[in-house]
Amino acid sequence: RISLVLGAVVLLFSLIFALAFSRRVRLILQSIQLLREGEYSHKIKIRRQDEGSVLAEEFNKLTDRLRVSEESRRQFVSDASHELKTPLASIKLLSDSVLQNQMDMDTVYEFVGDIGNEADRLTRIAQKLLELNRLDDAPSDDLIVMEAKPVVEQAVRLLTPMAELRNIRLTADLELGCT
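Residues numbered from 1 in each chain as written. Predicted model: local features only at pLDDT ≥ 70, side-chain atom pairs only at ≥ 80, totals over all residues. Heavy atoms only, no water.

K.L.:
Help me understand the environment of Met103, please; the structure alone is not making it clear to me.
P.N.:
Here Met103 lies in the loop between α2 (51–100) and α3 (105–134). Along the chain, Met103 and Gly38 lie 65 residues apart, while their C-alpha atoms are 54 Å from each other. (Helix = DSSP H or I, 4+ residues; strand = E, 2+ residues; numbered from the N terminus.)

Given below as structure tokens:
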């Protein structure tokens, strides 16, 4: 009789522990499904200090990293699209100016040259995006110091047609040596 009672008690405790463990596993699986659906802010509440809580804690750390990664990805996409829009807007503006205004051939050649420069800029941006895709998170030290005067003069040249349409006069007075 004692063996039967002990066997029943062991069986009862085994069933209780199995149900409690399977409930925790189901909770973790539901959390993983939420994570898969993009719910990166979901956390598993930790109540005990056992193997399940260690698993839950690791899950919570993973969701934190995924959330930060997703925020970084969104910011990167936003920044990249902005970087691509700028030369595209310049190309559009310059080509519209050439098509809509009576210009001497020297000005047309200058604008077409500027369109080519902006296309080259787009190519460089695309190459940098591809490089960025291949790089690890190692910091880059390849900054380039540039002369500011030619860059500003080109920007003034690019924006002058649009400014003139709004009766705005753009001028820039820079000395060589500005970086």
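Structure's up, so let's keep going.
K.L.:
Would you mind showing me how to read the packing of helix α1 (residues 2–36) against α2 here?
P.N.:
For any two helices packed against each other, one specifies the crossing angle of their axes together with the interaxial distance. In contact at an axis separation of 11 Å, α1 and α2 are set at 5° when each is read in the N-to-C sense. Between α1 and α2, the angle falls in the class roughly parallel. When α1 is examined against α2, the residues Arg24, Ile28, Ser31, Ile32 and Leu35 are found in contact with a partner set consisting of Gly52, Ser53, Leu55, Phe59, Leu62, Thr63 and Leu66. (Axes fitted to C-alpha atoms, helices over the stretch in contact; angles between N-to-C directions. Parallel < 35°, antiparallel > 145°, perpendicular 65-115°, else oblique. Contact = heavy atoms within 4.5 Å.)

K.L.:
Just checking my understanding: could you explain a nonpolar patch on the surface for this structure?
P.N.:
A contiguous nonpolar patch, built from Val5, Val9, Leu12, Phe13, Ile16 and Phe17 and spanning about 590 Å² of accessible area, is present on the exposed surface. Note that Val5 resides in helix α1. (Patch = residues over 30% accessible without salt bridge, like charges linked within 9 Å, V, L, I, M, F, W, Y side chains within 5 Å. Areas by Shrake-Rupley, 256 points an atom, 1.4 Å probe, with all protein chains shown as cover. Salt bridge = Lys/Arg side-chain N within 4 Å of Asp/Glu carboxyl O.)

K.L.:
Just to check I follow, could you spell out a positive patch on the surface for this structure?
P.N.:
Judged by side-chain charge, Arg23, Arg26, Lys45, Arg47 and Arg48 come together as a positively charged surface patch. Along the polypeptide, Lys45 turns up in the loop between α1 and α2. (Lys, Arg positive; Asp, Glu negative; His and termini not counted. Charge placed at Lys NZ, Arg CZ, Asp CG, Glu CD.)

K.L.:
Please explain unusual backbone geometry as it appears in this structure.
P.N.:
Note on backbone geometry: most residues besides glycine have negative phi, and most peptide bonds are trans. Of note, Asn167 is a non-glycine position whose phi angle comes to about 60°, a positive value. Looking at the element boundaries, Asn167 is found in the segment after α4 (148–165). Since its relative accessible area comes to 75%, Asn167 is described here as exposed. (Buried < 20%, exposed > 50% of the residue type's maximum accessible area, 1.4 Å probe, protein only.)

K.L.:
How should I be thinking about the nonpolar core in this particular structure?
P.N.:
Taken as a class, soluble globular proteins show a tendency for nonpolar side chains to be buried jointly. Ranked by size, the top nonpolar core spans five residues in total: Ile28, Leu35, Ile44, Ala56 and Phe59. At the level of secondary structure, the elements contributing two or more residues to this core comprise α1 and α2. What Leu35 contacts, discounting residues up to four positions off in sequence, is Tyr40, Phe59, Leu62, Thr63 and Leu66. (Core = buried A, V, L, I, M, F, W, Y, C linked by side-chain atoms within 4.5 Å.)

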